[in-house]
Every structure is written in structure tokens, then in C-alpha cells.
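Listed below are the residues making up each chain.
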Amino acid sequence: MSVMKRLSMIFKSKANKALDKMEDPRETLDYSYQRQLELLQKVRRGVADVATSRKRVELQINGLEQQGKRYEEQGRKALSVGREDLAREALQRRSNLQSQIADLKVQHDNLQAEEEKLTTASQRLQAKVDSFRTKKETIKATYTAAEAQTRINEAFSGISEEMGDVGLAIQRAEDKTAQMQARAGAIDELLASGALDDYSGTRGDDIQAELDRMGGGMDVELELARMKSELGQGPAPKSAIEPGQPQEQPQPQPNQQTQQLRQPGEGA
């Protein structure tokens with residue numbers, strides 16, 4: 001296959017695919033129906049033209065027949081007054097009219113036959129157009145329903161172009177939201193660790209942070225002592241030290257005081 005033939009085939013296939021994509025069967029059916037109506041109108045116009053010609057021939061025949069009758073009467077009158085020559089002339093003209101009438105009757109018969117043919121064809125074409133119109137509307141309704149069902153199925157499956165764009169927008173929004181949440185969490189951790197300075201004034205100093213951690217640990221120890229007391233494994237825990245009160249120092253036991261008073265090197 002030559003290069004030009006291949007290019008021609010490729011071009012035709014591309015053009016056919018583009019035309020097939022652009023073609024709407026409903027518009028094609030409406031156009032075909034419109035063309036059939038135009039053809040039917042031409043046939044009807046032809047029937048009317050033939051009928052008009054037939055009627056004109058009939059009028060001519062009637063006119064010639066009336067004129068022939070006048071020639072016959074004139075011949076009679078001429079014979080009645082002894083003018084045989086005038087009677088012969090009148091009859092001659094009447095004979096000529098009869099020849100013309102015969103030709104016109106042949107044309108009339110041909111036109112009448114043509115009119116009947118066109119009338120029959122018009123009736124058949126009218127029935128065909130009516131049948132095509134019914135079928136056209138049925139096909140259009142079926143195609144519209146199938147198109148709507150296809151769009152609904154595509155919307156449910158998410159493969160349509162519109163739903164695909166919506167899905168991408170949702171995905172981008174979710175990704176951006178997750179990124180912002182991760183960034184906010186990272187900044188909170190950096191502020192809490194002191195790696196970043198908080199210039200808003202809402203964060204306490206290092207001493208306050210240390211006291212908060214100690215207080216949290218004391219609460220844990222008190223809770224642990226309370227649980228031991230409930231289980232009989234130790235004395236009841238003391239209440240937390242109120243602010244402003246000094247913490248009582250534990251009194252040493254007697255044996256501890258004696259050991260502390262002894263000097264190094266003394267016997268036990």
C-alpha cells in the first residue's frame with residue numbers, strides 16, 4: 001500500500017469517527033423526514049399542474065364543440081336561403097374543428113392518465129411519510145431514553161466527564177485538607193517543644209511548663225498511692241499540698257538519730 005493511500009485511509013477513518021461522534025440520530029431522522037415532506041410536496045404540486053392542464057384542455061374542447069355547433073347552425077341557415085357555398089364553408093370549418101377536438105381529447109386522456117398515476121404515487125408516498133414519521137418518533141423517544149439512562153449510569157459509576165471532574169475536585173480538596181492538618185499538627189509540636197517561638201503570648205515560659213509537668217507527675221503518684229491503699233498495700237495518700245503552705249519535713253526515727261550522732265570510728 002502506498003503512502004498516499006495510507007494517508008487517505010487514515011484521514012477517512014478520522015473523519016468518519018469525528019462525524020459519527022458529532023451525528024445525532026434524532027437530527028438525522030428529522031432531516032430525512034423533512035426531505036420526504038419536500039418530495040411529497042413536489043409530487044402534489046405535479047398532480048396539481050397536471051390537473052390544471054387537463055382542465056384547460058377540457059375547456060378548449062368545450063369551446064371548440066360550441067364553435068362547431070355554431071358552424072352547423074350557420075350551414076343550415078345558409079342552405080335555407082339557397083347559399084350552398086356558405087353552407088359548404090361552414091361545414092368545412094366544422095370539420096377542421098372536429099380534427100382539433102379529436103387531438104385535444106387524446107391529450108386530455110393522456111393528462112388524465114398521468115394525473116391518476118401521480119395521484120396514486122402521492123397517496124403511496126403520503127402513507128410512507130406517515131409511517132416514517134411514526135417510526136421516527138418512536139426511534140427518537142427510544143434514543144432519548146437510552147441516552148438519559150446512559151448518563152444516569154455514567155453518573156452512578158463516576159466515569160462521565162462531569163462526575164470525573166467532581167471526583168478530581170473532591171480528591172484535591174481532601175489532599176489539601178490532609179496537608180493543612182499535617183502542617184498544623186507539625187507546628188503545634190514544634191511550638192510545644194520550643195523549637196519555634198510563639199509570639200502570640202498564649203504559650204507559658206519554660207518554668208511554668210516544668211511545673212505543669214511536675215504537677216502532672218504528682219497527680220499520678222497520688223492516684224497510685226490511693227489505689228494501693230484501697231488494695232491494702234500501703235497507707236492512705238496525703239492530700240496535695242495547698243498553695244502557700246510549706247511542706248512538712250519527715251521526722252527521723254530514734255534509731256536513725258542515734259546513728260547520726262555517732263562519730264565515725266565508734267563502735268556500734
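Parameters at a glance
Residues numbered from 1 in each chain as written. Predicted model: local features only at pLDDT ≥ 70, side-chain atom pairs only at ≥ 80, totals over all residues. Heavy atoms only, no water. Helix = DSSP H or I, 4+ residues; strand = E, 2+ residues; numbered from the N terminus. Buried < 20%, exposed > 50% of the residue type's maximum accessible area, 1.4 Å probe, protein only. Contact = heavy atoms within 4.5 Å. Areas by Shrake-Rupley, 256 points an atom, 1.4 Å probe, with all protein chains shown as cover. Salt bridge = Lys/Arg side-chain N within 4 Å of Asp/Glu carboxyl O. Phe/Tyr/Trp six-rings, centres within 6.5 Å; stacked < 30°, edge-to-face > 60°. Lys NZ or Arg CZ within 6 Å of the ring centre and 35° of its normal. Core = buried A, V, L, I, M, F, W, Y, C linked by side-chain atoms within 4.5 Å.

Take the overall build of the protein next. Assigned secondary structure in the protein consists of 6 helices and 0 strands. For the protein, the sequential pattern of α-helices and β-strands runs α-α-α-α-α-α. For the protein, buried positions account for 12% of its 268 residues. Sequence-distant contacts in the protein: of pairs separated by 6 or more residues, those separated by 24 or more amount to 66%. Surface exposure of the protein reaches about 22200 Å², of which carbon and sulfur atoms provide 54%.

Another aspect to go through is the pattern of salt bridges. Applying the stated criterion across every chain yields a total of 16 salt bridges. Residue Asp130 is joined to Arg133 by a salt bridge in which the shortest nitrogen-to-oxygen separation is 3.8 Å. With Asp130 and Arg133 both in helix H3 (residues 84-157), this residue pair falls 3 residues apart, about one helical turn. Given a relative accessible area of 38%, Arg133 falls into the partly exposed group.

Going through the model one piece at a time under the given rule, you end up with 1 aromatic pair. With a centroid separation of 6.4 Å and 15° between ring planes, the pair formed by Tyr33 and Phe132 is classed as stacked. One end of the pair, Tyr33, is in helix H2 (residues 25-80); the other, Phe132, is in helix H3, and 99 residues separate them in sequence. One Lys or Arg, Lys136, reaches over the ring of Tyr33 and ends 5.0 Å from the middle of that ring.

Attention shifts here to the environment of Ile139. By secondary structure assignment, the location of Ile139 is in helix H3. A residue is classified by how much of its surface remains accessible, and Ile139, at 37% relative accessible area, is partly exposed. A sequence separation of 113 residues divides Ile139 from Arg26, and the C-alpha atoms of the two residues are 7.9 Å apart.

Turning our eyes to something else, we now look at the nonpolar core. Core analysis: the largest hydrophobic core is formed by 7 residues, namely Val57, Ile61, Leu64, Tyr71, Leu97, Ile101 and Leu104. Elements that contribute at least two residues to this core include exactly H2 and H3. At 4 residues, H2 tops the list of elements feeding residues into this core. When neighbours within four sequence positions are excluded, Leu97 is seen to be in contact with Leu64, Gln67, Gly68 and Tyr71. By size, the runner-up hydrophobic cluster in this structure holds 5 residues, among which are Tyr33, Leu40, Leu125 and Val129.

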